[in-house]
Amino acid sequence: MDSETADNCLNILIINLHSCRNAGDDALARQAIQQLASAFPRGAFTLAMNDPQSYSGKERVVDSFTSWIKPIGMDSHGWRWRVVPALVLQSLLAVIGFRLTGRPWCCFLSPKRRALLQAYFEADLVVSAAGNFLYSSGKLGVPFMLSVFTILYAQLAAKPTYTLPQTLGPIRRRHENWLAQQVLARMRLVL
């Protein structure tokens, strides 16, 4: 990025954040903000978190894609599988509208879901948080697929994507390996 762009205010979306109730995740989130703020002092940050109520900083926080399917908290009852087709359809319609017209087609979404998609569309760059979440887990690999989808969605919206230091693997399934290759190859920087 050139110095002129760096001096202008950038909307930076940080994705793949879990919960600040976990000390390690909290430290990674705060370190990401601190490092990005030092590179972009006039940056405006939005955090897409699985547990948005856990964050107490000044940055804007929105519910992540994962929180659409597996809410965290006392009222959480595990994965809500029936939401997955709607998640995919609604988010893809919104990004298609954004790419075709410059305006997302998301009037059919709840305000919380619309806030997440709007954060993607308003972002000048999207940064995947540091951590260890790109690995095979569970019987169907849903956590991996959601982590990849959060990055892929930014790429579908034609946003430059970056990742902070990330552990990759083990990846056991062929389709997960292929997806990881496709998404990571389109990132501007992978650490």
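In this text the structure is predicted, and so the values were computed from the model without any measurement.

## Topic: helix 6 (residues 142-156)
Residue pairs spaced three or four apart in an α-helix point in one direction, given the helix's 3.6 residues per turn.
Here comes step 1: With 15 residues, helix 6 extends 20 Å from end C-alpha to end C-alpha; this agrees with the ideal 21 Å at 1.5 Å per step.
Here comes step 2: Of all 15 residues that make up helix 6, 11 are buried, and the element is covered over most of its length.
Here comes step 3: Of the positions making up helix 6, those classed as buried are Val-142, Phe-144, Leu-146, Ser-147, Val-148, Phe-149, Thr-150, Ile-151, Tyr-153, Ala-154 and Gln-155.
Here comes step 4: Looking at the residues trailing helix 6, positive phi occurs at Ala-158, about 65°.

## Structural notes on the environment of Ser-91
Here comes step 1: Within the fold, Ser-91 resides in helix 4 (residues 83-101).
Here comes step 2: A relative accessible area of 0% places Ser-91 in the buried class.
Here comes step 3: Here the alpha-carbon distance between Ser-91 and Ser-128, two residues 37 residues apart in the chain, equals 18 Å.
Here comes step 4: Once residues lying within four places of it in the same chain are set aside, the contact partners of Ser-91 are Phe-65, Ala-86, Leu-117, Phe-149 and Tyr-153.

## A closer look at helix 4
Here comes step 1: Here helix 4 contains 19 residues, and its C-alpha end-to-end distance of 27 Å stays within 8% of the 27 Å for a straight helix at 1.5 Å per residue.
Here comes step 2: Turning to helix 4, its buried residues are Val-83, Leu-87, Gln-90, Ser-91, Ala-94, Val-95, Gly-97 and Phe-98. In an axial view of helix 4, the angular spread of the buried residues amounts to 155°, which keeps them on one side of the axis. For helix 4, the exposed residues set more than 90 degrees away from the buried face come down to Pro-85, Leu-89 and Leu-100.
Here comes step 3: Looking at the buried side of helix 4, the elements it contacts are helix 3 (65-69), helix 5 (111-122) and helix 6.
Here comes step 4: Gly-102 sits one or two residues past helix 4 and shows a positive phi near 85°.

## Looking at the sheet that holds strand 8 (residues 189-190)
Here comes step 1: The sheet built from 6 strands is open, its strands ordered 3-2-1-4-6-8 with parallel pairing. Single-partner strands in this sheet number two, and they are strand 3 (60-63) and strand 8.
Here comes step 2: As paired strands, strand 2 (residues 44-49) and strand 3 are joined by 4 bridges and run parallel to one another. Paired with Leu-47 across the two strands is Val-61, which belongs to strand 3.
Here comes step 3: Relative to strand 1 (residues 11-17), helix 2 (residues 23-39) is tilted by about 155°, and along the sheet it contacts strand 1, strand 2 and strand 4 (125-128).
Here comes step 4: Helix-sheet contacts for helix 6 involve strand 1, strand 4 and strand 6 (161-163), and the interaxial angle to strand 1 is about 160°.

## Re the environment of Val-142
Here comes step 1: Looking at where Val-142 falls in the secondary structure, it is placed in helix 6.
Here comes step 2: In this structure the C-alpha to C-alpha distance between Val-142 and Arg-82, which are 60 residues apart in sequence, comes to 13 Å.

## Topic: the nonpolar core
Here comes step 1: Of all hydrophobic cores here, the largest spans 37 residues; its most connected members are Leu-13, Phe-65, Leu-117, Tyr-120, Phe-121 and Tyr-153.
Here comes step 2: Elements with a contribution of two residues or more to this core: strand 1, helix 3, helix 4, helix 5, strand 5 (131-134), helix 6 and helix 7 (174-185).
Here comes step 3: Ranked by the residues each element gives to this core, the list is headed by helix 6, at 8 residues.
Here comes step 4: Residues within four places of Tyr-120 in sequence aside, it is in contact with Leu-13, Ile-15, Phe-65, Thr-150, Tyr-153, Ala-154 and Lys-159.
Here comes step 5: By size, the runner-up hydrophobic cluster in this structure holds 20 residues, among which are Ile-12, Leu-125, Val-127 and Ala-130.

## Some words on the pattern of salt bridges
Here comes step 1: Enumeration over the complete set of coordinates arrives at 5 salt bridges.
Here comes step 2: The partner of Lys-58 in a salt bridge is Glu-59, with the nearest N and O atoms 3.5 Å apart.

## A closer look at the packing of aromatic side chains
Here comes step 1: One pass over the structure, following the stated rule, counts 8 aromatic pairs.
Here comes step 2: Measuring from ring centre to ring centre gives 5.1 Å for Tyr-120 and Tyr-153, while their planes differ by 80°; the resulting arrangement is edge-to-face. Taken together, the positions of Tyr-120 in helix 5 and Tyr-153 in helix 6 put the pair 33 residues apart, joining distant regions of the chain. The same class applies to Tyr-120 and to Tyr-153, which are both buried.
Here comes step 3: With a centroid separation of 6.1 Å and an interplanar angle of 45°, the aromatic rings of Phe-121 and Tyr-153 are classed as tilted. On the criterion of sequence distance, the pair formed by Phe-121 in helix 5 and Tyr-153 in helix 6 is long-range, its members being 32 residues apart. Each of the two residues, Phe-121 as well as Tyr-153, counts as buried.
Here comes step 4: Here the aromatic cluster, defined as three or more aromatic residues joined through ring pairs, consists of Phe-65, Trp-68, Phe-98, Tyr-120, Phe-121, Phe-149 and Tyr-153.

Rules used in this analysis
Residues numbered from 1 in each chain as written. Predicted model: local features only at pLDDT ≥ 70, side-chain atom pairs only at ≥ 80, totals over all residues. Heavy atoms only, no water. Helix = DSSP H or I, 4+ residues; strand = E, 2+ residues; numbered from the N terminus. Expected span 1.5 Å × (residues − 1). Buried < 20%, exposed > 50% of the residue type's maximum accessible area, 1.4 Å probe, protein only. Contact = heavy atoms within 4.5 Å. Arc of directions from axis to C-beta. Pairing = 2+ DSSP bridges. Axes fitted to C-alpha atoms, helices over the stretch in contact; angles between N-to-C directions. Core = buried A, V, L, I, M, F, W, Y, C linked by side-chain atoms within 4.5 Å. Salt bridge = Lys/Arg side-chain N within 4 Å of Asp/Glu carboxyl O. Phe/Tyr/Trp six-rings, centres within 6.5 Å; stacked < 30°, edge-to-face > 60°.

Take it as geometry only, folks, not as evidence of what the structure does.
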